[in-house]
Amino acid sequence: MHLSGRRILLVIAGGIAAYKSLDLIRRLREKGATVRCVLTRGGAQFVTPLAVAALSEERVYDDLFSLTDDNGMSHIRLSREADLLVVAPATADLMAKMAAGLADDLASTVLLASDKPILLAPSMNLLMWSHPATQANLATLKARGALQVGPGTGDLACGEVGDGRMADVADIVAAIERFFGLPGPLSGRKALVTSGPTHEPIDPVRFIANRSSGKQGHAIAQALQRLGAEVTLVSGPVTLPDPPGVTVVRVETAAQMLEATLSALPVELAVCAAAVADWRVAAPAVEKRKKVEGVPPPSLVLEANPDILATLAAAGERRPRLVVGFAAETERLIDHARAKLTRKGCDLIVANDVSPASGTFGGDANTVHLVTPDQVRSWPLMSKTAVAEQLALFLAERLGAESP
Ligand code: C5P
């Protein structure tokens, strides 16, 4: 309940992401905050005042006239009685009004008649987002001190893919917690995550790769960041957006991944979730290899790649306090994970079944077993995001317990 006593005025504008604001109200209240809501006319088209009132257990303010009855509150008081104003979703239209100082409805009036800090969670179509007018309005608001969380990249409600998606509720909550200066369990700690596949060149156009999507590793980096850690994510080639608030170093080969990983030291926690290629081509061709009629196909001479996890675990004084590896197996999961724990010298192996039937590779769900020298904990099938959140909490607890 670490947001107890914090008063948040949430302005819900007219965007499809308004449905996420209902969850935002719940999450903030679970943490003890009081959440009072103002709905714009557009916002009320997407979520009903009744739903907002039920979740916030507060009266909902949806236009100027509601302020004139006995229980009403002036727009001045609405903002005065809040510690932070959160605009989520912050639409292009509402941000334009705010930048111009318009006050033609309750939301814009409250926002103008306020000297309280404002956190914006923009949400809109990608062309609206990238439009110079929107960017100029946002720059104006930020120059006046507004804080911003998101938007992220992904599928947009309009069917397009790109920037403009409202930040995840967990990220908005984390931004609010940061605003209140609340430390997460990993605040002040540095973490390193490897994610994705590696590409090992055969020649300038061809490479050896694997099916890793990077979803699990990226989700872990994000979850650690949400708990307050300063996270460096060393990622092989993936099509995922960079997790907000995380320092991302992009690499292609295992050798580059090792170099980037060692450069990120010292860290307290390292999670190696990358599917690093075990072998690379010993002598990649400088020019594209040609197919020649009548000449048999070339053979590839492979050599071993460095083992990043084992290198980190054996890094002496620079060894992270907690080194976590993954074991992607298609059979005898726990046995292989135990053997790997010893072989690699790490503290924990997260074992997951990647047999084709499991759908783990590229999919959104994962069944994992946490294998330590003395215990095996098996978690039920969960989304990769949930696995990441649980794992981040578990690791935060382990680090906390081991703190001097
Ligand atoms: O040996 P195997 O590839 O099964 O081990 C998997 C674990 O080791 C994962 O945590 C993976 O990120 C890590 N690994 C590594 N560098 C390698 C091979 C695997 O960091 N070259």
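Because the structure is predicted, anything quoted here is derived from the model rather than measured.

Lining the immediate surroundings of the ligand are Cys-272, Ala-274, Val-276, Asp-278, Pro-306, Asp-307, Ile-308, Leu-309, Gly-325, Phe-326, Lys-340 and Lys-344. Backbone polar atom of Cys-272 to an oxygen atom of the ligand: 2.6 Å apart, as the coordinates give it. A distance of 2.6 Å separates an oxygen atom of the ligand from a polar backbone atom of Ala-274. Here the ligand, which alone exposes 450 Å², has 87% of that area covered by the protein. When atoms are counted within 2 Å of each cavity's grid points, the one that captures over half of the ligand is the second largest pocket. Taken together, the elements giving at least two residues each to the shell around the ligand come down to α12 (308-313), β17 (322-329) and α13 (333-344).

Put simply, helix α1 (residues 18-30) and helix α9 (residues 169-179) touch, their axes get as near as 9 Å, and they point 45° apart. By the angle between their directions, the pair α1 and α9 is classed as oblique. For α1 against α9, the interelement crossing comes out right-handed. For the pair α1 and α9, the contacting residues are Lys-20, Asp-23, Leu-24, Arg-27 and Leu-28 in the first and Val-169, Ile-172, Val-173 and Ile-176 in the second. Across the contact of α1 with α9, the residue classes tally to 6 nonpolar, no polar and 3 charged.

Bringing the sheet that holds strand β14 (residues 269-272) into the picture now. Pairing is mixed across the open sheet formed by 8 strands, whose spatial order is β13-β12-β9-β14-β17-β18-β20-β21. Looking at the sheet topology across the chains shown, the edges are occupied by β13 (247-250) and β21 (375-378). Mean inter-strand twist for the sheet, computed between neighbouring axes without regard to direction, equals 15°. Each of β17, β18 (348-353), β20 (368-372) and β21 is contacted by α13, which is oriented at about 150° to β18, the strand it contacts most.

Okay, the domain arrangement of the protein next. Buried accessible area, meaning the area lost when the parts come together, often serves as the stated size of an interface. With domains assigned, the protein is organised as domain 1 (7-179) and domain 2 (190-400). The C-alpha centroid of domain 2 is placed 38 Å from the C-alpha centroid of domain 1. Contacts between domain 1 and domain 2 engage 6 residues on the former and 5 residues on the latter. Interface area for domain 1 against domain 2, summed over the two sides, is near 400 Å², with a carbon-plus-sulfur share of 43%.

Among the nonpolar cores identified, the biggest contains 33 residues, and Leu-224, Leu-269, Val-271, Leu-391 and Leu-395 are the most heavily contacted of them. Residue assignment for this core shows that the elements contributing at least two residues are β9 (190-195), α10 (215-226), β12 (230-235), β14, β17, β18, β20 and α14 (384-402). Examining the composition of this core, we find that 8 residues originate from one element, α14, more than from any other. Excluding residues that lie within four positions of it along the chain, Leu-391 makes contacts with Ile-220, Phe-326, Leu-348, Val-350, Leu-370 and Trp-379. The next biggest cluster of nonpolar side chains, apart from the first, holds 32 residues, and it includes Val-47, Ala-121, Val-149 and Ile-172.

Right, let's get into the layout of surface pockets. Looking at the second largest pocket, its volume works out to about 870 Å³. Ala-274, Ala-275, Val-276, Phe-326 and Ala-328 are the residues nearest the centre of the second largest pocket, which is lined by 40 residues in total. Going through the elements one at a time, β9, α10, β16 (302-304), α12, β17 and α13 are the ones with two or more residues in the lining of the second largest pocket. Looking at the lining of the second largest pocket residue by residue, the class counts come to 19 nonpolar, 14 polar and 7 charged.

Under the criterion given, the structure shown has 1 aromatic pair. Seen from their ring centres, Phe-179 and Phe-180 are 4.9 Å apart, and the 70° between their planes marks the pair as edge-to-face. Classification of Phe-180 by relative accessible area gives buried; the value is 13%.

Let's shift gears to the packing of α9 against α10. Each pair of packed helices gets described by two things: the angle between the helix axes and the distance between those axes. Interaxial distance between α9 and α10 falls to 10 Å at its minimum, and their mutual angle equals 30°. Our classification of the angle between α9 and α10 gives roughly parallel. Across the interface between the two elements, Ala-170, Asp-171, Ala-174 and Arg-178 from α9 touch Gln-222, Gln-225 and Arg-226 from α10. Tallied by class, residues from the contact of α9 with α10 come to 2 nonpolar, 2 polar and 3 charged.

Our next topic: the sheet that holds strand β1 (residues 7-12). Pairing within the open sheet is parallel, and its 6 strands lie in the order β3-β2-β1-β4-β5-β6. Of all strands in the sheet, those bounded by a partner on one side alone are β3 (60-61) and β6 (147-148). Set on the sheet, α9 makes contact with β1, β4 (84-90), β5 (118-122) and β6; between it and β4 the angle comes to about 160°.

A few words on a nonpolar patch on the surface. Residues Ile-16, Tyr-19 and Phe-46 make up a contiguous nonpolar surface patch of about 330 Å² in total accessible area. Secondary-structure assignment places Phe-46 in helix α2 (residues 43-46).

A full pass over the atoms with the stated rule returns 0 disulfides. Left without a disulfide partner, Cys-272 is nearest to the cysteine sulfur of Cys-346, which lies 8.2 Å away.

The next subject is the pairing of β12. Across the 6 residues that make up β12, a large majority, 5, are buried. Direction of pairing for β9 relative to β12: parallel, over a ladder of 6 bridges. Of the residues in β12, the one forming a bridge with Ala-191 is Val-231. Bridge analysis of β12 against β13 gives 4 bridges, and the strand direction is parallel. Its bridge partner lying in β13, Thr-232 is registered against Thr-247.

Procedures and definitions
- Residues numbered from 1 in each chain as written.
- Predicted model: local features only at pLDDT ≥ 70, side-chain atom pairs only at ≥ 80, totals over all residues.
- Heavy atoms only, no water.
- Near = heavy atom within 4 Å.
- Polar contact = N/O pair within 3.5 Å; in protein donor to acceptor, adjacent residues only side chain to side chain.
- Areas by Shrake-Rupley, 256 points an atom, 1.4 Å probe, with all protein chains shown as cover.
- 1 Å grid on protein atoms, 1.4 Å probe; cavity = no way out; pocket = protein on both sides within 12 Å on 5 of 7 lines; lining within 4 Å.
- Sits in = over half its atoms within 2 Å of the grid points.
- Helix = DSSP H or I, 4+ residues; strand = E, 2+ residues; numbered from the N terminus.
- Axes fitted to C-alpha atoms, helices over the stretch in contact; angles between N-to-C directions.
- Parallel < 35°, antiparallel > 145°, perpendicular 65-115°, else oblique.
- Left-handed = near helix turned anticlockwise from the far one by under 90°.
- Contact = heavy atoms within 4.5 Å.
- Nonpolar A, V, L, I, M, F, W, Y, C, P; charged D, E, K, R; others polar.
- Pairing = 2+ DSSP bridges.
- Domains from an automatic or database assignment.
- Buried area = accessible area lost by both parts, 1.4 Å probe.
- Core = buried A, V, L, I, M, F, W, Y, C linked by side-chain atoms within 4.5 Å.
- Buried < 20%, exposed > 50% of the residue type's maximum accessible area, 1.4 Å probe, protein only.
- Points joined across faces, edges and corners; volume = space filled by probe spheres on them.
- Phe/Tyr/Trp six-rings, centres within 6.5 Å; stacked < 30°, edge-to-face > 60°.
- Patch = residues over 30% accessible without salt bridge, like charges linked within 9 Å, V, L, I, M, F, W, Y side chains within 5 Å.
- Salt bridge = Lys/Arg side-chain N within 4 Å of Asp/Glu carboxyl O.
- Disulfide = S-S within 2.5 Å.

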